[in-house]
Amino acid sequence: MDRKPIGIILNGVTGRMGYRQHLVRSLLAIRDAGGLPLRDGTLLWPEPVLVGRDDAKLKTIAERHGLTEWTTDLGEALARPDVEVYFDAQVTNAREKAIRAAVAAGKHVYTEKPTAGDLAGAVELARLADAAGVKHGVVQDKLFLPGLRKLDRLVKGGFFGRILSVRGEFGYWVFEGDWQPAQRPSWNYRTADGGGIVVDMFPHWHYVLEQIFGPVEAVTAHVATHIPRRWDEQGEPYEATADDAAYGIFELAGGIVAQINSSWAVRVYRDELVEFQVDGTAGSAVAGLRECKVQHRSTTPKPVWNPDLPATERFREQWQLVPDNEEFRNGFQEQWELFLRHVAEDTPYTWDLWAGARGVQLAELGALSAREGRRVAIPELAP
Ligand SMILES: NC(=O)c1ccc[n+]([C@@H]2O[C@H](COP(=O)([O-])OP(=O)(O)OC[C@H]3O[C@@H](n4cnc5c(N)ncnc54)[C@H](O)[C@@H]3O)[C@@H](O)[C@H]2O)c1
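Everything quoted here is computed from the prediction, not taken from an experiment.

Scoring rules and cut-offs
- Residues numbered from 1 in each chain as written.
- Predicted model: local features only at pLDDT ≥ 70, side-chain atom pairs only at ≥ 80, totals over all residues.
- Heavy atoms only, no water.
- Helix = DSSP H or I, 4+ residues; strand = E, 2+ residues; numbered from the N terminus.
- Rg over C-alpha atoms; globule rule 2.2 N^0.38 Å.
- Buried < 20%, exposed > 50% of the residue type's maximum accessible area, 1.4 Å probe, protein only.
- Contact = heavy atoms within 4.5 Å.
- Phe/Tyr/Trp six-rings, centres within 6.5 Å; stacked < 30°, edge-to-face > 60°.
- Lys NZ or Arg CZ within 6 Å of the ring centre and 35° of its normal.
- 1 Å grid on protein atoms, 1.4 Å probe; cavity = no way out; pocket = protein on both sides within 12 Å on 5 of 7 lines; lining within 4 Å.
- Points joined across faces, edges and corners; volume = space filled by probe spheres on them.
- Nonpolar A, V, L, I, M, F, W, Y, C, P; charged D, E, K, R; others polar.
- Expected span 1.5 Å × (residues − 1).
- UniProt positions renumbered as here; feature names shortened; annotations may be inferred.
- Axes fitted to C-alpha atoms, helices over the stretch in contact; angles between N-to-C directions.
- Parallel < 35°, antiparallel > 145°, perpendicular 65-115°, else oblique.
- Left-handed = near helix turned anticlockwise from the far one by under 90°.
- Salt bridge = Lys/Arg side-chain N within 4 Å of Asp/Glu carboxyl O.

1. Looking at the overall build of the protein chain
- Per the secondary structure count, the protein chain includes 9 helices and 18 strands.
- Taken against the 2.2 N^0.38 rule, which gives 21 Å for 383 residues, the C-alpha radius of gyration of the protein chain at 22 Å falls within 12% of a compact globule.
- Each principal axis of the C-alpha atoms in the protein chain carries an extent, and together these give about 75 × 55 × 40 Å.
- For the protein chain, with 383 residues in total, the buried portion stands at 54%.

2. Considering the environment of Gly-214
- On the secondary structure map, Gly-214 appears in the loop between α7 (197–212) and β9 (216–224).
- A residue is classified by how much of its surface remains accessible, and Gly-214, at 10% relative accessible area, is buried.
- Considered as a pair, Gly-214 and Pro-379 are 165 residues apart in the sequence and their alpha carbons are 14 Å apart.
- Discounting chain neighbours no more than four positions away, the residues touching Gly-214 are Leu-209 and Leu-252.

3. Notes on the environment of Glu-124
- For Glu-124, the position within the fold is in helix α5 (residues 119–132).
- The exposure class of Glu-124 is partly exposed, given its relative accessible area of 28%.
- Placed 230 residues apart in sequence, Glu-124 and Trp-354 show a C-alpha to C-alpha distance of 9.7 Å.

4. Side note on the packing of aromatic side chains
- Applying the stated criterion to the full structure yields 14 aromatic pairs.
- Where Phe-159 meets Phe-160, the ring centres are 5.2 Å apart and the plane angle is 80°; that geometry is what we call edge-to-face. This pair shows no difference in class: Phe-159 is buried, exactly as Phe-160 is.
- Relative to Phe-250, the ring of Phe-202 has its centre 5.2 Å away and its plane inclined at 75°; by these criteria the two rings are edge-to-face. Of this pair, Phe-202 sits in helix α7 while Phe-250 sits in strand β12 (residues 245–252), and the two are 48 residues apart along the sequence.
- Here Phe-250 falls in the buried class, since its relative accessible area comes to 0%.
- What links up through ring pairs into an aromatic cluster is the set Phe-87, Tyr-110, Phe-144, Trp-336, Phe-339, Tyr-349 and Trp-351.
- For Arg-3, the ring lying beneath its charged end belongs to Trp-45, and the centroid distance is 3.6 Å.
- The positively charged end of Arg-230 is found above the aromatic ring belonging to Tyr-189, 4.1 Å away from the centroid.

5. Some points on the layout of surface pockets
- When its volume is computed, the second largest pocket comes out at roughly 640 Å³.
- For the second largest pocket, the lining is made up of 34 residues, of which Glu-275, Gln-277, Val-286, Arg-316 and Trp-319 are closest to its centre.
- Looking at the lining of the second largest pocket, the elements with two or more residues in it are β8 (163–171), β13 (257–263), β14 (274–280), β15 (283–287) and β16 (292–296).
- Taken together, the residues that form the lining of the second largest pocket break down as 10 nonpolar, 13 polar and 11 charged.

6. Comments concerning α7
- Given a rise of 1.5 Å per residue, 16 residues ought to cover 22 Å, and the 22 Å separating the end C-alpha atoms of α7 matches this to within 8%.
- By the criterion of burial, α7 is predominantly enclosed, with 14 of the 16 residues buried.
- Once α7 finishes, Gly-214 follows within two positions and takes phi at roughly 140°, a positive value.

7. Section: the UniProt feature "domain: GFO/IDH/MocA-like oxidoreductase" (unreviewed entry) in the protein chain
- Residues given the UniProt feature "domain: GFO/IDH/MocA-like oxidoreductase" (unreviewed entry) here are residues 149–285.
- Secondary structure content for residues 149–285 is 18% helix and 36% strand, and the end C-alpha separation is 13 Å.

8. Structural notes on the packing of α5 against helix α9 (residues 353–372)
- In the contact formed by α5 and α9, the axes pass within 8 Å of each other and the chain directions differ by 170°. Viewed along their axes, α5 and α9 adopt a mutual orientation that is roughly antiparallel. Here Leu-119, Ala-122, Val-123, Leu-125, Ala-126, Arg-127, Ala-129 and Asp-130 of α5 lie close against α9, whose contacting residues are Leu-353, Trp-354, Ala-357, Val-360, Gln-361 and Glu-364.
- Class assignment of the residues belonging to the contact of α5 with α9 gives a composition of 10 nonpolar, 1 polar and 3 charged.

9. Remarks on the packing of helix α1 (residues 16–32) against helix α8 (residues 331–345)
- For the pair α1 and α8, the least separation of the axes is 9 Å and the interaxial angle reads 60°. Of the two possible hands of crossing, α1 and α8 adopt the one that is right-handed. Where α1 approaches α8, its residues Met-17, Gln-21, His-22, Arg-25, Ser-26, Leu-27, Ala-29 and Ile-30 are matched on the opposing element by Phe-332, Gln-333, Trp-336, Glu-337 and Leu-340.
- Looking at the contact of α1 with α8 residue by residue, the class counts come to 7 nonpolar, 4 polar and 2 charged.

10. Some words on the pattern of salt bridges
- With the rule as written, the count across this model stands at 25 salt bridges.
- Asp-82 is the partner of Arg-80 in a salt bridge, and the nearest nitrogen-oxygen pair spans 2.8 Å.
- When its relative accessible area of 22% is taken as the criterion, Arg-80 is described as partly exposed.
- Taking relative accessible area as the criterion, Asp-82 reaches 43% and is therefore assigned partly exposed.
- The closest approach of N and O atoms between Asp-271 and Arg-316, which form a salt bridge, is 3.9 Å. Highlighted residues: Asp-271 in the loop between β13 and β14 and Arg-316 in the loop between β16 and β17 (320–321), separated in sequence by 45 residues. Accessibility assignment for this pair places Asp-271 and Arg-316 in one class, exposed.

The structure is reproduced here in structure tokens:
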């Protein structure tokens, strides 16, 4: 079959997400599979152009994977006629300016979240991209997690009856960096660098809630910086200016109440790093990254509150595992394939810069709620 090359700029490819998930596990994985089969019988063949600030690091990555194209000059990469797509996995703060340049150069845009540092910037990017007639997409990887796919299947299949509430627990202990190195980059803990758990996680919660349960209509949040001093990649102490925990209540259409705790200062006593419990009149489910368990109303026990007696039931054992019933692939790769088909064949693609802007909106209004200590309604955001 004929190969159809498609030039793709990967900006921020030296970072955790840019390298591992987007280059190696997505674009190179597509090449390893022989290319992406298109309807016309050709195979779409990603040709990565690595972009970053450090020439030596880019060269190392390129050579490791047999790639030949890299540059520290974004303008030069954007001027290439063989490049059709600009992808951004830089630190959040650097994103908006780069995407504007890509749109101005007429490139299709695919990007990590959050799409911009604030709502005004995120909306402007969506408007500019629409006006330029380029295609645009935002990474919404959590939707592709096996656990959430099974949860979505339960919702679509009517398992829950009327859905009442969603309870999410996300987080793990991120080491401070003094006696053990931190497992997340230090910019995540500095507001000035675009850090903070609200900015990082609320965009995820937005698309998870919106896509699986319905539009988010209001937010009430409390945020904290539990660990005010951390140590960076060089072992230097710094002041953690950004929030490292957020306790949010999200009101969804139809009266569903979602409450999600997000924290980098919590120790895991759960089966997975994120878990959502959904309670409905006809049944409940607990979904994690991979697994999903259910309890139907017909098998629901009837506990009686009596603190004088030890628990007589093993509540966790009363749940049933939802089978996979399909093969789950890497979600980042799957979403890349959908976006590339959108570019190459004009197939529909809903997770665009407007969807990204709605995620940024939730983060911005969540932060406002926390600052002012009040519930904030979320106005509809339309193109
Ligand atoms: N979808 C997800 O699940 C997910 C998970 C983690 C992070 N992210 C997002 O991906 C983006 C990158 O996060 P990461 O964890 O890979 O970060 P990282 O620190 O590992 O990588 C950041 C990248 O940006 C580059 N960069 C450009 N300008 C920079 C500057 N001024 N300072 C520092 N680095 C600069 C770095 O060289 C590096 O390539 C963020 O926007 C983050 O919100 C998404």
